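Working through the structure, step by step
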Amino acid sequence: MKPVRIRRREAPQHVADALPAALHPVLRRILAARGIACAEDLEHRLAWLLPPTALGGVERAGELLEEALLRTAPIIIVGDFDADGATGTAVAVRGLRLLGARDVDYGVPNRFVHGYGLGPLLVEELVARHPGLVGRGLLITVDNGVAAHAGVAAAKAHGLGVIVTDHHLPGQTLPAADAMINPNLEADAFPSKALAGVGVMFYLLLALRARLRERGWFGERGIAEPDLSCLLDLVALGTVADLVPLDRNNRILVEAGLKRIRAGRACAGIVALLECAKRDPARAVASDLGFAVAPRINAAGRLEDIRLGIECLISDDAQRARSLAQALSAINSERRELQSDMVERAEAVVHSWVAARGVENLPVGVVLFDPEWHHGVVGLVASKLKEILNRPVIACAPAAEGSDEIKASGRSIAGFHLRDALAEVEARAPGLLLRFGGHAMAAGMTLLRCDLERFVVAFDEVARARICEADLDAVLLTDGELSSSELSLELAQQLRFAGPWGQAFPEPLFDGLFDIESTRTMGESHRRLNLRCAQSTRSVEAVQFNVDLAQVLPRTIRAVYQLEVNDWNDRQQLRLLLRHVEPA
């Protein structure tokens, strides 16, 4: 609600100068500001991946998987109902089959029936569906399980082996799994704590392949040792979708997956989803995965059944994948309409707060509940309001019609660790939260409806104690100003593929002064502009998406923008994508 402050990143000039001269000087400055210190940091070769042996738990998990393969035991992958869980499940199923597993299937919780992760009800359903599991089968979780005490116990009661692969932060105790792989366990020495769930699963497959190679598995069976890089398009999608930090290891994984997609070697499902979103696979970048493909998969888990997304990703039939992608796109359209209505209602509540109390009296930790909201979409509402208010937001909805429970999802701001904050709420008021878990920037929780008012107060108290006033200022970090000569198609082309850009390695933003020469509308809420650079006669085209077209813009503006390559009719042109506009 406060004015946005525009601040420029600092880039050490000596570091920028040390980067390859073939890079545009502006790009060298951008990379230096993101911690790239030498040419080696820019190399995204798979040979530079952190070794699988460095990840705790892979040796024991490999033993269990090798033994299961030797006796052809049934293996069930238990995923999660988001894009990370869906891609991780697809990677596990595809990868184990490539390695020679003969009996691999998957099960995944339904958000509305089972709740999150591996639980006793899901275990009972899996055992009923696969009677051969009892006493000899193996369950492998993907992107869940670190808190599944009851689910693991239920599986063990049926004589199943359990391998947990997860990346969520652990609680005070761990479930009694036979093996657990999670880089965020306290004792784990893996150098990157940023692996997504799909990345953890991919690492397990790499370790298993090495183990099988060593024992002569492939030669004994007369099968070729599989090239697991064929799974990297899925690893890239899940990593980008889950908004984990793109540290160097994750950038290597994502870039390798994007190269497969651009080279026409992606799985049928990803190709179909890109085409449904009208994105060209040959020009795919991380933002295409994050903003076009991932929402279509996530929508299935939010509103219906994530198995639609998983089936799309494991299908090798282009026609079937296309049909499933179209169904996912239709669900995503429904999700967008539902989200728009929920956000509108939430914004109305916030505006009434501000009108009645003033912006200075808003809660620091915001909690909103609406009995008509859909709990599968509350995380998106929290995300949108967090952007508007620049403070942590938790959005809540009934767990089901007539239920005494509330499902909630939160999104946080930089410097406020949401999962740790919820742990503090629980420590102050034991039992207030029935369940909770997540990361620094996003978390989910369940509580009783009768406890909602206590939670509203408790969360705001923790937020006030942990967040200082300056942290509530809305800040836009940019990479500085570009001269009129630097506003070039050449630079935009270099920036497009210089990433991959994403969480903790943000896409470049620039700021500068422009005179508006003309504007015209595009569709119902978009604007096209012709801008003239201040102190120059240079004109450039720009666009604004999802804006209030009734707003009258001043003649001279300060804009924060991305340099964009506009592909149109087989031609490429420079365009500015305006992210923020204010009077000069």
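Refer to the preceding data block for the structure.
A brief structural summary. (Residues numbered from 1 in each chain as written. Predicted model: local features only at pLDDT ≥ 70, side-chain atom pairs only at ≥ 80, totals over all residues. Heavy atoms only, no water.)

1. Some details on the overall build of the protein chain
Within the protein chain, the regular secondary structure consists of 18 helices and 17 strands. Radius of gyration (C-alpha) of the protein chain: 25 Å, near the 25 Å computed for a compact globule of 584 residues. Projecting the C-alpha coordinates of the protein chain onto the three principal axes gives extents of approximately 75 × 60 × 45 Å. A burial count over the protein chain gives 54% of its 584 residues as buried. Expressed as a percentage of contacts within the protein chain between residues at least 6 apart in sequence, the contacts between residues at least 24 apart total 67%. Entry remark: accessible area of the protein chain is about 24,900 Å², with carbon and sulfur atoms responsible for 50%. Considering the protein chain, the positive charge centre built from 65 side chains and the negative charge centre built from 74 side chains are found 3 Å apart. (Helix = DSSP H or I, 4+ residues; strand = E, 2+ residues; numbered from the N terminus. Rg over C-alpha atoms; globule rule 2.2 N^0.38 Å. Buried < 20%, exposed > 50% of the residue type's maximum accessible area, 1.4 Å probe, protein only. Contact = heavy atoms within 4.5 Å. Areas by Shrake-Rupley, 256 points an atom, 1.4 Å probe, with all protein chains shown as cover. Lys, Arg positive; Asp, Glu negative; His and termini not counted. Charge placed at Lys NZ, Arg CZ, Asp CG, Glu CD.)

2. Here's the deal with the packing of aromatic side chains
Inspection of every chain in the model, using the stated rule, returns seven aromatic pairs. An angle of 80 degrees between the planes, with centres 5.4 Å apart, marks the rings of F190 and Y203 as edge-to-face. One end of the pair, F190, is in the loop between strand 6 (179–181) and helix 7 (197–214); the other, Y203, is in helix 7, and 13 residues separate them in sequence. For F190, a relative accessible area of 1% corresponds to the buried category. With relative accessibility at 0%, the residue Y203 sits in the buried group. (Phe/Tyr/Trp six-rings, centres within 6.5 Å; stacked < 30°, edge-to-face > 60°.)

3. Here we look at the nonpolar core
Counting 119 residues, the largest nonpolar core has I77, L96, L531, L563 and L576 as the members making the most contacts within it. Considering each element in turn, this core owes the most residues, 11 residues, to helix 7. If we skip the residues at most four places from it in the chain, L576 touches L487, F514, L531, V540, E541, A542, V543, Y561, Q562 and L563. Counting 26 residues, the second-largest nonpolar core is a separate cluster that includes A429, F459, A463 and L472. (Core = buried A, V, L, I, M, F, W, Y, C linked by side-chain atoms within 4.5 Å.)

4. Re the layout of surface pockets
Here the second largest pocket is characterised by a volume of approximately 250 Å³. Along its surface, the second largest pocket is lined by 13 residues, and P52, T53, L206, A207 and A210 are the ones closest to its centre. Among the secondary structure elements, those contributing two or more residues to the lining of the second largest pocket are helix 3 (58–70) and helix 7. Per-element tally for the lining of the second largest pocket: the top contributor is helix 7, with eight residues. Across the lining of the second largest pocket, the residue classes break down as six nonpolar, two polar and five charged. (1 Å grid on protein atoms, 1.4 Å probe; cavity = no way out; pocket = protein on both sides within 12 Å on 5 of 7 lines; lining within 4 Å. Points joined across faces, edges and corners; volume = space filled by probe spheres on them. Nonpolar A, V, L, I, M, F, W, Y, C, P; charged D, E, K, R; others polar.)

5. Side note on a nonpolar patch on the surface
A surface patch of nonpolar side chains, about 260 Å² in accessible area, is lined by F112, V113 and L121. Within the secondary structure, L121 is located in helix 5 (residues 120–129). The class for L121 is partly exposed, based on a relative accessible area of 44%. (Patch = residues over 30% accessible without salt bridge, like charges linked within 9 Å, V, L, I, M, F, W, Y side chains within 5 Å. Salt bridge = Lys/Arg side-chain N within 4 Å of Asp/Glu carboxyl O.)

6. Some remarks on the pattern of salt bridges
All chains considered together, the criterion is met by 36 salt bridges. Put simply, R283 and D280 hold a salt bridge, and the shortest N to O gap is 3.7 Å. Judged by its relative accessible area of 37%, D280 is partly exposed. Between D305 and R307 there is a salt bridge, with the nearest N and O atoms lying 2.7 Å from each other. Since its relative accessible area comes to 17%, D305 is described here as buried. If you follow the salt bridges from partner to partner, you end up with E66, R211, R215, E220 and R221 in one network.

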